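Listed below, chain by chain, are the residues.
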Amino acid sequence: MAEPGRPGTTTAPRARADVARRVAGSAAAGCALAGAVAVTVAVVAGPGPGLTGYVSEAGIAGSGHATTYRIGILALAAALLLVGAALPPGVWAAPALLATGAVFTAVSGAVTCSAGCPLPPFERATAADLVHGGTSIAATASVVLAMVTLAVSGPAGPVLRRLAGLAAAVALPLCALVGLAMLVLGRGAVVGVLERLVLAVAVLWGVATATALALARR
């Protein structure tokens, strides 16, 4: 057993923890990229209505690319968990928010919507549609809130704070526009494009943050 006060007696566990966080960051970046590619392939190659529909329509029962879509969603959920695990010690709220977002993301992938993914107030929705839509919204909200908390968290460090602040500054108004467009316009090209922009911001932030965590030296 090392003697108290001897150099290296307290740094070894800390070094191991730092290595584990960097490994988690690397795995998170890989999962985020793989998940984004899988979902994109399912959306582009699937029989959906293009930009006038929701991304989730690629995962409806009977779609030839539903399995690819679900694998992508689960990979993105894993990426959120891993980013939360890779965050520096002392960061508060963000790990819990990312874990919450991961759970909601996984549920949204497991509970598929019906054809067209109808949502109120303009469309009649089933119970599965409401569960899928609600968990998808909750997952996005959790991730955006994690960005906000990281942007003001001192222990996160300047790089993570800048990445989170930039992503939150773009994502927050986009989310507001999505909500307004869904209430006023309903399903259509406007909501479809805005939804894809929000998801793209979340994925880009996840990949950038995971990469920064993987390369960090503390």
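Look a little higher up for the structure.
Model, not experiment: these values are computed from the prediction.

## Some thoughts on the packing of helix 5 (residues 158-184) against helix 6 (residues 189-215)
Point 1. The N-to-C vectors of helix 5 and helix 6 enclose an angle of 165°; their axes lie 9 Å apart at closest approach. As judged from the angle between their axes, helix 5 and helix 6 are roughly antiparallel. Handedness of the helix 5/helix 6 crossing: left-handed.
Point 2. By residue class, the composition of the contact of helix 5 with helix 6 is 23 nonpolar, 1 polar and 1 charged.

## Remarks on the nonpolar core
Point 1. Ranked by internal contacts, the top residues of the largest apolar core, which has 40 residues, are Leu 87, Leu 98, Met 147, Leu 150 and Trp 205.
Point 2. Of all the elements, helix 5 adds the most residues to this core, at 9 residues.
Point 3. Excluding residues that lie within four positions of it along the chain, Leu 87 makes contacts with Arg 21, Ala 94, Pro 95, Leu 98, Leu 150, Leu 160 and Leu 213.
Point 4. Counting residues in hydrophobic clusters, the runner-up holds 7 residues, among them Ala 42, Val 55, Ala 58 and Ile 73.

## Thoughts on a nonpolar patch on the surface
Point 1. Where nonpolar side chains cluster on the molecular surface, the patch consists of Leu 180, Leu 183, Val 184, Leu 185 and Val 190 and spans about 490 Å² of accessible area.
Point 2. Looking at the nonpolar patch, the element that brings in the most residues is helix 5, giving 3 residues.
Point 3. Among the secondary structure elements, Leu 185 is positioned in the loop between helix 5 and helix 6.
Point 4. Among the residues examined, Leu 185 registers a relative accessible area of 52% and is labelled exposed.

## Thoughts on the packing of helix 1 (residues 11-45) against helix 2 (residues 66-86)
Point 1. Running from amino to carboxyl end, helix 1 crosses helix 2 at an angle of 155°, the nearest separation of the two axes being 7 Å. Judged by the inter-axis angle, helix 1 sits roughly antiparallel to helix 2. Helix-helix and strand crossings are classified by hand; for helix 1 and helix 2 the assignment is left-handed. When helix 1 is examined against helix 2, the residues Arg 21, Ala 24, Gly 25, Ala 27, Ala 28, Cys 31, Ala 32, Gly 35, Ala 36, Ala 38, Val 39 and Ala 42 are found in contact with a partner set consisting of Thr 68, Tyr 69, Gly 72, Ile 73, Ala 75, Leu 76, Ala 78, Ala 79, Leu 82, Val 83, Ala 85 and Ala 86.
Point 2. Tallied by class, residues from the contact of helix 1 with helix 2 come to 19 nonpolar, 4 polar and 1 charged.

## Regarding the pattern of salt bridges
Point 1. Tallied over the full model, the rule gives 2 salt bridges.
Point 2. Residue Arg 196 pairs with Glu 195 through a salt bridge whose shortest N-O separation is 3.7 Å. We note that Arg 196, like Glu 195, is buried.

## As for the side chain of Ser 142
Point 1. Mapping Ser 142 onto the fold places it in helix 4 (residues 127-151).
Point 2. Within the structure, Ser 142 has its side chain in polar contact with the backbone oxygen of Ala 138 (distance 2.9 Å).
Point 3. Ignoring sequence-local partners within four residues, the contact set of Ser 142 consists of Leu 97, Thr 100, Gly 101 and Phe 104.

## Observations concerning the state of the cysteines
Point 1. Scanning the model with the defined rule gives 1 disulfide in all.
Point 2. Note that Cys 113 is cross-linked by a disulfide to Cys 117, the S-S spacing being 1.8 Å. When sorted by exposure, Cys 113 lands in the same class as Cys 117, which is buried.
Point 3. Considering cysteine sulfurs only, Cys 117 is the nearest to Cys 175, which forms no disulfide, with 18 Å between them.
Point 4. On the basis of relative accessibility, which here comes to 26%, the residue Cys 175 falls in the partly exposed class.

## Quick notes on the environment of Leu 194
Point 1. Mapped onto the secondary structure, Leu 194 falls in helix 6.
Point 2. With relative accessibility at 13%, the residue Leu 194 sits in the buried group.
Point 3. Between the alpha carbons of Leu 194 and Gly 90 there is a distance of 34 Å; along the sequence they are 104 residues apart.
Point 4. With near-sequence residues (within four places) excluded, Leu 194 lies in contact with Leu 174, Leu 177, Val 178 and Ala 181.

Procedures and definitions
- Residues numbered from 1 in each chain as written.
- Predicted model: local features only at pLDDT ≥ 70, side-chain atom pairs only at ≥ 80, totals over all residues.
- Heavy atoms only, no water.
- Axes fitted to C-alpha atoms, helices over the stretch in contact; angles between N-to-C directions.
- Helix = DSSP H or I, 4+ residues; strand = E, 2+ residues; numbered from the N terminus.
- Parallel < 35°, antiparallel > 145°, perpendicular 65-115°, else oblique.
- Left-handed = near helix turned anticlockwise from the far one by under 90°.
- Nonpolar A, V, L, I, M, F, W, Y, C, P; charged D, E, K, R; others polar.
- Core = buried A, V, L, I, M, F, W, Y, C linked by side-chain atoms within 4.5 Å.
- Buried < 20%, exposed > 50% of the residue type's maximum accessible area, 1.4 Å probe, protein only.
- Contact = heavy atoms within 4.5 Å.
- Patch = residues over 30% accessible without salt bridge, like charges linked within 9 Å, V, L, I, M, F, W, Y side chains within 5 Å.
- Areas by Shrake-Rupley, 256 points an atom, 1.4 Å probe, with all protein chains shown as cover.
- Salt bridge = Lys/Arg side-chain N within 4 Å of Asp/Glu carboxyl O.
- Polar contact = N/O pair within 3.5 Å; in protein donor to acceptor, adjacent residues only side chain to side chain.
- Disulfide = S-S within 2.5 Å.

Any functional reading would require information that these geometric values do not contain.
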